[in-house]
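Read off the chains here:
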Amino acid sequence: MAFFTHHITRSLSSSVVRNAVIKNVTIIGGGQMGAGIAQVAAVSGHLVTIVDTSDSVLIKSIKGIEGSLKRVVKKKFADKPEAGQEFIQNVMKNVSTSTDAAAAVKKTDLVLEAIVENLKIKQDLFSGLDKVAPEHTIFASNTSSLPIGDIASSTNRLDRFGGLHFFNPVPMMKLVEVIGTSATGQETFNSLLSFSKALGKTPVSCKDTPGFIVNRLLVPYMMEAIRLHERGHGSKEDIDIAMKLGAGYPMGPFELLDYVGLDTAKFILDGWSAMDPGNPLFAQSEMLNKLVAEGKYGKKTGEGFYKYN
Ligand code: CAA
Ligand code: NAD
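Small disclaimer: the values here were computed from a predicted structure and weren't measured.

Cut-off values and rules
- Residues numbered from 1 in each chain as written.
- Chains lettered and ligands numbered in written order.
- Predicted model: local features only at pLDDT ≥ 70, side-chain atom pairs only at ≥ 80, totals over all residues.
- Heavy atoms only, no water.
- Helix = DSSP H or I, 4+ residues; strand = E, 2+ residues; numbered from the N terminus.
- Buried < 20%, exposed > 50% of the residue type's maximum accessible area, 1.4 Å probe, protein only.
- Pairing = 2+ DSSP bridges.
- Axes fitted to C-alpha atoms, helices over the stretch in contact; angles between N-to-C directions.
- Contact = heavy atoms within 4.5 Å.

A. Focus on unusual backbone geometry. For the bond from asparagine 168 to proline 169, the omega torsion is 0°, close enough to zero to count as cis. Along the chain, proline 169 falls in the loop between strand E6 (161-165) and strand E7 (175-180). A positive phi is found at phenylalanine 212, a non-glycine position, where the angle reads about 55°. Summarising the element assignment, phenylalanine 212 is placed in the loop between strand E8 (202-206) and helix H8 (214-230). Residue phenylalanine 212 is classed as buried on the basis of its relative accessible area, which comes to 5%.

B. Local environment of the sheet that holds E7. The eight strands are arranged E3-E2-E1-E4-E5-E6-E7-E8 in an open sheet whose pairing can be described as mixed. Of all strands in the sheet, those with a lone pairing partner are strand E3 (95-98) and E8, marking the two edges. Strand-to-strand twist across the sheet, computed as the mean angle between neighbouring axes with direction ignored, equals 25°. Across four bridges, strand E2 (residues 47-51) lies against E3 in parallel orientation. Across the sheet, valine 51 pairs through a bridge with serine 98, a residue of E3. Docked against the sheet, helix H5 (residues 119-130) engages strand E1 (24-28), strand E4 (110-113), strand E5 (138-141) and E6, running at close to 170° with respect to E5. Contacts from helix H7 (residues 186-198) reach E1, E4, E5, E6, E7 and E8 within the one sheet, and its direction differs from that of E7 by about 175°.

Dropping the structure here:
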């Protein structure tokens, strides 16, 4: 089983090696993750360009960021609504959009990819951008489940390639998993750590193993909840209530699956079950497959395990 290969261990506190300062950031994919990452990067003073496939998606990304910023300022500037409005305007000055990835990366320090969870599509994207991005530019993927080394192999900048895995909703979740492959340079790794901290996040160092830390534990848990329900051993409502009130989770597993996106959950599971077919933790679920086949991806499409307005 080539599931767990050799990986180098990295220090979170290494200060011997220099790290390049990241100021200009290009985020490819303006969906729920890309928009969230763009938001926290812009709030912390980075100049951010969001790239997606169409203007209509990008308009939705911008609306999503503005909506989320309004929720933030409602609390942060509770007594000063005008200052809150000014804050939003200043943050939005740091955000631009484009449908032309090759043009967008011309002057960027970091390309952070948050597109669909598909190895071939990610490789195609990075292999094209590798030819046009400046030499110093660091490439990073926000993949939930794919090996960073496999994505990086499509480029000639293995030393300047790593993983930066954020959590949904990005403005609220404080963790970033920073992933180095055996080829990632220490300077690159340090830059990714510093960038995460500059965004106000807490980084943890991860090896390039499937699911890194959080998803390797969280995805089997959510899948086991579906299987429990499929066996008729609990309604989804009861399972959600049980895990919230009995285990202190902020969302139950079905609420969380809908929040993450059932399409993304299935992409993750498909990849892992293909890599390790006998592993019962990665077994397919008919219920999940059916919902995805019907286009019910969860909160983002208005219906998944539950219905949303
Ligand atoms: N932007 C800005 N503020 C937000 C926000 C957002 N997207 N979402 C929530 N908030 C803030 C707001 O201040 C909100 O108050 P308002 O509704 O008045 O604006 C406040 O949080 C409370 O939010 P809610 O009342 O909606 O609900 P909540 O108290 O349950 O908090 C939550 C929401 C933070 C999402 C919480 O439910 C939670 O932590 N859920 C678990 C999320 C989780 O596990 N994420 C990881 C998913 S796995 C992953 O991401 C990895 C992967 O690769 C798949
Ligand atoms: P999403 O479906 O909300 O957004 C993906 C976006 O990428 C869409 O707007 C799509 O139009 C765009 N896109 C697809 N192909 C593209 C291309 N070639 N060029 C430019 N844009 C393209 O998905 P998401 O939930 O934001 O997930 C994005 C990535 O982040 C995935 O790799 C996912 O596994 C990972 N991730 C997801 C979560 C989560 O909770 N949803 C958490 C952490 C990481």
